[in-house]
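If you want the building blocks of each chain, they are given just below.
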Amino acid sequence: MNDDLQKSSLQELLHFSGNSVRVSILRLDLIHPVVSGNKWFKLRYYLEEALSQRKTMMATFGGAYSNHIVATAFASKAAGLKSTGYIRGEEAPQPGATLLHARAYGMETIFINRETFQNKEAIIEKFNHPETYWIREGGYGITGARGAADILAFPGMEAYTHILCATGTGTMMAGLIKAAAPQQEIVGISVLKNQFSLENEVRHLLNEQETQKKCSFIHGYHFGGYAKHPETLIKFMNQAWQKWELPTDIVYTAKLVFAAKDLIAKNHFPPNSHLLLIHSGGLQGNLSLPPNTLPF
Ligand SMILES: *Cc1c(COP(=O)(O)O)cnc(C)c1O
């Protein structure tokens, strides 16, 4: 098993619901307290490619709260590469935890106004250098999906009938589909409002044979949109901690776990299904909440 997975563990969620569906969660959040578990996987082959092309600088894009930005900073440093993050919007007077962490890992952060940020090609043209390796926003791409496919190298994964993950760009989901056994269904829980392009974006990362595999997309659990966290969600996060000692994040994993529980209660999954939830990390995102909002 590879090193990153050794720090992860499988947690059974007992009494998750009253019917015959069993649920476990793969705790990729245990890999690192700040760097999201799934980002770590998504980045690994980008880094490998950059090193083999003798690049010295990783560059990517993201918002001021982006898990991908922190992960790129950390992973680049670990690989002995410099990094630059092109950050959407104006610089805030007080930088948030995300940017502070990214800078602590040696990333240079350059702010790009929202309008210019839409046009990534123009940014690349302006800042490009022969030794720079560019990664798309959120790590989207086939190389990222190949990395995410390695998540299912964790022992015992073939036992699950359904594997559920939160989706942003859909790269992790595409990777799970690549690695899934034929009888397994990959279920993506979108954390963005009305993200109906998701299915196409996932398919774009798959080959013809992989697009035949079982997968489904669920759109009803965004809680108002990306990073929105109404009181019901915060309450649920508190309960998840009390019941299962399960820490979740406001952007991705709380919505995933909530969705799983709700779908089970609505008999979405056939009896005797054995669900695996991917805890993809993201806990650093909670640092944007007021102190004492959460007990963990
Ligand atoms: C980025 C992220 C996701 C979404 O991954 P995509 O590959 O962009 O769909 C899910 N969970 C966490 C914690 C993340 O940081």
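In case you missed it, the structure is sitting above this.
Only a predicted model underlies this, so the values are computations on that prediction, with no experimental measurement involved.

Draft legend 1. Expanded view of the layout of surface pockets. Taken as a whole, the second largest pocket holds about 180 Å³ of empty space. Lining of the second largest pocket is provided by Pro-247, Leu-283, Asn-286, Leu-287, Leu-289, Pro-290, Pro-291, Asn-292, Thr-293, Leu-294 and Phe-296.

Draft legend 2. View of the packing of aromatic side chains. If you walk through the whole model with that rule in mind, you get 14 aromatic pairs. Note on Phe-61 and Phe-117: the rings are 6.2 Å apart at their centroids and 85° apart in plane angle, and the pair reads as edge-to-face. Placement of the pair is Phe-61 in strand E3 (residues 57-62) and Phe-117 in helix H5 (residues 114-117), with a sequence separation of 56 residues. On the basis of relative accessible area, Phe-61 is assigned to the buried category, the value being 3%. Taking the centre distance of 5.0 Å and the plane angle of 85° together, the rings of Phe-223 and Phe-258 count as edge-to-face. Of this pair, Phe-223 sits in the loop between strand E9 (215-218) and helix H10 (231-244) while Phe-258 is found in helix H11 (residues 253-265), placing the two residues 35 residues apart along the sequence. On the basis of relative accessible area, Phe-223 is assigned to the buried category, the value being 18%. Ring pairs connect the aromatic residues Phe-61, Tyr-86, Phe-117, Phe-127 and Trp-134, which therefore count as one cluster. The aromatic ring of Phe-61 is capped on one face by Lys-120, whose charged end is 5.8 Å from the ring centroid.

Draft legend 3. How the structure looks around the site of the ligand. Around the ligand there are 16 residues in total, and Lys-39, Lys-42, Gly-168, Thr-169 and Ser-280 lie nearest to it. Between Gly-168 and the ligand, the recorded distance is 2.7 Å, taken from a backbone N or O atom to an oxygen atom. Interatomic distance of 2.7 Å between a side-chain N/O atom of Thr-169 and an oxygen atom of the ligand. Protein contacts shield 98% of the accessible area of the ligand, which totals 380 Å² for the unbound molecule. Those elements that place two or more of their residues in the shell around the ligand are helix H2 (37-52), strand E7 (162-167) and helix H8 (171-179). Class assignment for the residues of the shell around the ligand results in three nonpolar, 11 polar and two charged.

Draft legend 4. Geometry of the side chain of Asn-286. Among the structural elements, Asn-286 can be located in the segment after strand E10 (274-279). The class of Asn-286 is buried, set by a relative accessible area of 11%. With residues near it in sequence (within four places) discarded, Asn-286 still touches Met-237, Thr-248, Asp-249, Ile-250, Leu-294 and Phe-296.

Draft legend 5. Molecular detail of the sheet that holds E10. One open sheet holds the six strands; their spatial order is E1-E2-E10-E7-E8-E9, and the pairing between them is mixed. Each edge of the open sheet is held by one strand with a lone partner, namely strand E1 (10-12) and E9. Along the sheet, successive strands turn relative to each other by an average axial angle of 25°, direction set aside. Examined bridge by bridge, strand E2 (residues 22-27) and E10 share six bridges and lie parallel to one another. Bridge pairing in E10 places Val-23 opposite Leu-275. Contacting E2, E7, strand E8 (185-190), E9 and E10, H11 crosses the sheet at an angle of about 165° to E10.

Rules of the game
Residue numbering note: each chain is counted from 1, following its sequence as written. Predicted model: local features are reported for residues with pLDDT of at least 70 only, side-chain atom pairs are reported and counted for 80 or more only, and whole-chain, interface and lining totals are derived from all residues. Computation of side-chain values: all heavy atoms of the structure, hydrogens and water removed. A 1.4 Å probe that fits but cannot get out identifies a cavity on a 1 Å grid over protein atoms alone, an open set with protein on both sides within 12 Å along at least five of seven lines counts as a pocket, and a residue lines either if it has an atom within 4 Å of a point. Grid points are joined across faces, edges and corners, and a volume is the space filled by probe spheres set on the points. When two rings of Phe, Tyr or Trp (its six-membered ring) have centres within 6.5 Å they constitute a pair, described as stacked for plane angles under 30 degrees, edge-to-face for angles over 60, and tilted for the intermediate range. A run of DSSP states H or I qualifies as a helix once it reaches four residues; a run of E qualifies as a strand once it reaches two. Both are numbered from the N-terminal end. Each residue is placed in one exposure class: buried if its accessible area under a 1.4 Å probe, protein chains only, is under 20% of its type's maximum, exposed if it is over 50%, and partly exposed if it falls in between. Put simply, a charge is over a ring when the Lys NZ or the Arg CZ is close to the ring centre, within 6 Å, and near the line of the ring normal, within 35 degrees. Whether a residue is near a molecule or strand depends on its heavy atoms: if one lies within 4 Å, it is near. Contacts described as polar in this section are N or O atom pairs within 3.5 Å, which, within protein, must combine one atom able to donate a hydrogen with one able to accept it, while residues neighboring in sequence count only if both atoms come from side chains. Surface accessibility follows the Shrake-Rupley procedure with a 1.4 Å probe radius. Residue values consider only the protein chains on display as shielding. Here the nonpolar group is Ala, Val, Leu, Ile, Met, Phe, Trp, Tyr, Cys and Pro; Asp, Glu, Lys and Arg are the charged ones; every other residue, Gly included, is treated as polar. Working rule for contacts: check all heavy atoms of both residues, and any pair within 4.5 Å makes them a contact. Strand pairing is assigned whenever DSSP identifies at least 2 bridges connecting the two strands. To obtain an axis, a line is fitted to C-alpha atoms, over the contacting stretch when the element is a helix, and the angle between two such axes runs from 0 to 180 degrees between their N-to-C directions.

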